[in-house]
Amino acid sequence: METIKLTINQKEITANQEESILEICQNHQIAIPTLCHHPDLRNEGNCRLCVVEVDGEENLTASCNRKACDGMVIETESEKVINSRRATLELLIANHPNDCLTCDRTSGECQLQDLCYQYDISRGEQLLKTIEQKKALDLSSPSIERDLNKCIVCGKCLRVCGETQDIGIYHYQERGFDTLVSTKENQPLAETKCINCGQCVKVCPVGALVEKQEIRKVMQAIVDPEVHVVVQTAPAVKHT
Ligand code: SF4
Ligand code: FES
């Protein structure tokens, strides 16, 4: 495979021509934040968090979606890049429910929360007023809880379900600021051909798709036999 030479943050690096800028950075321990990228999924370039400066071009480029070329000069931490990432995070958090303390995607597991800490984003700096969202929770599935209010439209669930699992229950809907990733005609999960494989939960970077409590406890008990699982049964019906 052909190799190329490029400069990243003033350091000369040798890389494989087929690699994206993001892959090259990851291979050289240059941290780039991502929300919609997954190494096993096709890139869509939805979140714009992985932007970098290339050859002093006016527009920043999504590093996950651009192949590197010989002689490229890349900045991953310039002021322009950091300001752009901060603006993206501020927009995302402005439109996100303020329930981190009770969210089922526990602290340390939510990539959006981690990045907000890392880039020092707090609700006080929001560009927009928090938008009241009232999309109903979907609790219909035996294994997955779905909260569309928390979805950041990264599209990973759609790609893993449609392309890796070949099932395809998720679709993009609406446009622009109203874009959603939901089931066809917004049916509850239980009414789709979902097979409860849990792959969408695994790739979701936020608390929009989480395992149901009962499933989590069973999984915990499998890895840690000290954990006791109490299966709740319905109270007996009294016959009079
Ligand atoms: Fe991404 Fe999760 Fe929304 Fe799917 S539900 S688009 S994985 S944030
Ligand atoms: Fe590149 Fe989202 S990770 S655009």
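Rules and cut-offs
Positions within a chain are numbered from 1, following the residues in the order the chain's sequence is written. To read the labels, note that chains go from A and ligands from 1, taken in the order they are written. Totals for whole chains, interfaces and linings use all residues, but because this is a predicted model, local features are given only for residues with pLDDT of at least 70 and pairs of side-chain atoms are given and counted only at 80 or more. Runs of E in the DSSP output that reach at least two residues are strands. Runs of H or I that reach at least four are helices, and both are numbered from the N terminus. To sort residues by exposure, count the other C-beta atoms lying within 10 Å of each residue's C-beta; 20 or more gives buried, 12 or fewer gives exposed, and values between give partly exposed, all with C-beta atoms placed from the backbone. UniProt positions are given in the numbering used here, feature names are shortened, and annotations may be inferred rather than shown by experiment. One bridge is not enough; two strands pair if DSSP finds at least two bridges between them. Each residue gets a C-beta atom placed from its backbone, and two residues are in contact if those atoms lie within 7 Å. Axis lines are fitted through C-alpha atoms, for helices just across the contact stretch, and the angle between N-to-C directions can take any value from 0 to 180 degrees. By definition, a residue lies near a molecule or strand when the C-beta atom built from its backbone is within 6 Å of it. Classification used: nonpolar for Ala, Val, Leu, Ile, Met, Phe, Trp, Tyr, Cys and Pro, charged for Asp, Glu, Lys and Arg, polar for all others including Gly. Any set of buried Ala, Val, Leu, Ile, Met, Phe, Trp, Tyr and Cys residues joined through C-beta atoms within 7 Å is what this text calls a nonpolar core. For the domains described, the bounds stem from an automatic or database domain assignment.

The subject of this paragraph is the overall build of the chain. Within the chain one finds 6 helices and 9 strands. Out of the 240 residues belonging to the chain, those deemed buried represent 29%.

Take the UniProt feature "domain: 4Fe-4S His(Cys)3-ligated-type" (unreviewed entry) in the chain next. The UniProt record annotates "domain: 4Fe-4S His(Cys)3-ligated-type" (unreviewed entry) at residues 80–120. For the annotated span residues 80–120, helix accounts for 56% and strand for 0% of the residues, and the straight-line distance between the end C-alpha atoms is 16 Å.

Time to look at the sheet that holds strand β5 (residues 73–75). Across the sheet, 5 strands lie side by side as β2-β1-β5-β3-β4; this open sheet has mixed pairing. Every other strand in the sheet has two partners, leaving β2 (11–16) and β4 (61–62) as the edge strands with one partner each. Sheet topology note: the strand β1 (residues 3–8)/β2 ladder contains 6 bridges and is antiparallel. Across the sheet, residue Leu6 finds its bridge partner in β2, namely Ile13. Packing of helix α2 (residues 79–94) onto the sheet brings it into contact with β3 (51–54) and β5, and relative to β3 it is tilted by some 155°.

Further remarks concern the site of ligand 1. Near ligand 1 lie 14 residues; those nearest to it are Cys151, Cys154, Cys157, Cys204 and Ala208. Among the residues forming the shell around ligand 1, the class breakdown is 12 nonpolar, 1 polar and 1 charged.

This part covers the nonpolar core. The biggest cluster of nonpolar side chains holds 49 residues, and the ones touching the most others in it are Leu112, Cys157, Cys200, Cys204 and Leu209. Elements represented by at least two residues in this core include exactly β1, α1 (21–27), β3, α2, α3 (111–118), α4 (156–164), α5 (199–203) and β9 (209–211). Here this core spans two domains, and each of domain 1 (3–77) and domain 2 (89–223) adds at least three residues to it. Those residues in contact with Cys157 that sit more than four places away from it in its chain are Tyr170, Val181, Cys200, Val203, Cys204 and Leu209.

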